[in-house]
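Here are the chains, one letter per residue:
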Amino acid sequence: MKLLGASDIRRLARSADVYPSKALGQNFVVDGNTIRRIVRLAELPAGAPVLEVGPGLGSLTLGLLEAGHPVTAVEVDPALARMLPDTIGQFAPQLAGSLRVVTADALTIDAGIGDPAALVANLPYNVAVPVLLHCLAELPGLTRCLVMVQREVADRLAAPPGSRVYGVPSVKAAWYGEVRTVGAVPASVFWPAPRVESGLVRIDVRPPPVAAVSRQEVFAVVDLLFGQRRKMVRATLAVAYGRPSAAAALSAAGIDPASRCEEMALDDFCRLAESIKAVAGPTLS
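A.B. asks: It is not clear to me how the pattern of salt bridges should be interpreted in this structure. Could you clarify?
C.D. replies: By the definition in use, this model includes 13 salt bridges. R202 is the partner of E43 in a salt bridge, and the nearest nitrogen-oxygen pair spans 2.5 Å. Of the two residues, E43 is situated in the loop between α2 (32-42) and β2 (50-53) and R202 in strand β9 (residues 198-205); the sequence distance between them amounts to 159 residues. E43 gets classed as exposed once you look at its relative accessible area, which sits at 52%. The structure contains a network of salt bridges with shared partners spanning E43, R144, R180, R202 and D204.

A.B. asks: What am I meant to see in the sheet that holds strand β4 (residues 99-103) here?
C.D. replies: Two strands in a sheet stick together by hydrogen bonds in their backbones, pointing the same way (parallel) or opposite ways (antiparallel). The strand order across the open sheet built from seven strands is β4-β3-β2-β5-β6-β9-β7, with neighbouring strands paired in mixed fashion. Sheet topology places β4 and β7 (177-185) at the edges, where each strand pairs with a single neighbour. Each adjacent strand pair in this sheet contributes to an overall mean axis angle of 20°, direction not counted. The sheet contact formed by strand β5 (residues 118-122) and strand β6 (residues 144-150) spans five bridges and is parallel. By the bridge assignment, N122 is partnered in β6 with M148.

A.B. asks: For this particular structure, what's the right way to read the packing of aromatic side chains?
C.D. replies: Both the distance between ring centres and the angle between the ring planes are used here to describe each pair of aromatic rings. One pass over the structure, following the stated rule, counts five aromatic pairs. Seen from their ring centres, Y166 and F226 are 6.1 Å apart, and the 70° between their planes marks the pair as edge-to-face. You can see Y166 sitting in the loop between α6 (151-158) and α7 (168-176) and its partner F226 sitting in helix α8 (residues 215-226), a full 60 residues away along the chain. The same class applies to Y166 as to F226, namely buried. With a centroid separation of 6.5 Å and 75° between ring planes, the pair formed by Y176 and F219 is classed as edge-to-face. Here the residue Y176 occupies a position in helix α7, and F219 occupies one in helix α8, the gap between them amounting to 43 residues. Of the two residues, Y176 and F219, both sit in the buried class. An aromatic cluster of three or more residues is present, and its members are Y166, F226 and F269.

About the cut-offs
Residues numbered from 1 in each chain as written. Predicted model: local features only at pLDDT ≥ 70, side-chain atom pairs only at ≥ 80, totals over all residues. Heavy atoms only, no water. Salt bridge = Lys/Arg side-chain N within 4 Å of Asp/Glu carboxyl O. Helix = DSSP H or I, 4+ residues; strand = E, 2+ residues; numbered from the N terminus. Buried < 20%, exposed > 50% of the residue type's maximum accessible area, 1.4 Å probe, protein only. Pairing = 2+ DSSP bridges. Axes fitted to C-alpha atoms, helices over the stretch in contact; angles between N-to-C directions. Phe/Tyr/Trp six-rings, centres within 6.5 Å; stacked < 30°, edge-to-face > 60°.

Okay, here's the thing in structure tokens:
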């Protein structure tokens, strides 16, 4: 099956009077080999239903359909959403019945979108992390994510504790599963070509950590500490909960008061959230 090339992408855009929107973070892949590589790296079970966010002109959509995966494509741009079924009908009419297009902001979707087994997407750079975390939180059927994001964002998502780029996205993504980078994508395969390289991130979803607190409570501690990442943990907690409560919570969690948040692993944040809740109760939000 023929996938979209550079001339196809430009012709489709021209025919609909569409030009990539910088505000929406639109950069369309124009290389079929890159598309097939993304699908291959996802290593999805045969026939697994896929959620694609930001399908744009349909490059990745065609690649997923070619591999035998039913696709629910969520597109915020109404013009592109209207175009997508026609594009599939033109390039792969036999697969048109396996495509469902939803015109929506991906940050608003929930389980009503269906039960996709995987998220495979070229995510818009400007909302990549919020969209990824939202989908993982709202779609319990996901077992695999393979997303293309800005290279530095990919490195941040997969960073281990102690890394220079370890931060809020690293900890929150780790809540949902094993996160790793699986490849780089050059700017030359996009139209228009971005000024940065892209990276491929794979998340193999697993059950969340066993903890006596909710995900929201753990994430509140993550946000609090990384909001003052240059400070020692005890200083940030002392401002939020008072010095005695901060000291008691750190002692109960077995965390060095002089440590900094970038040294803490997910399990450390879970233990600390539990001890803060025990000490400070409803003040944790």
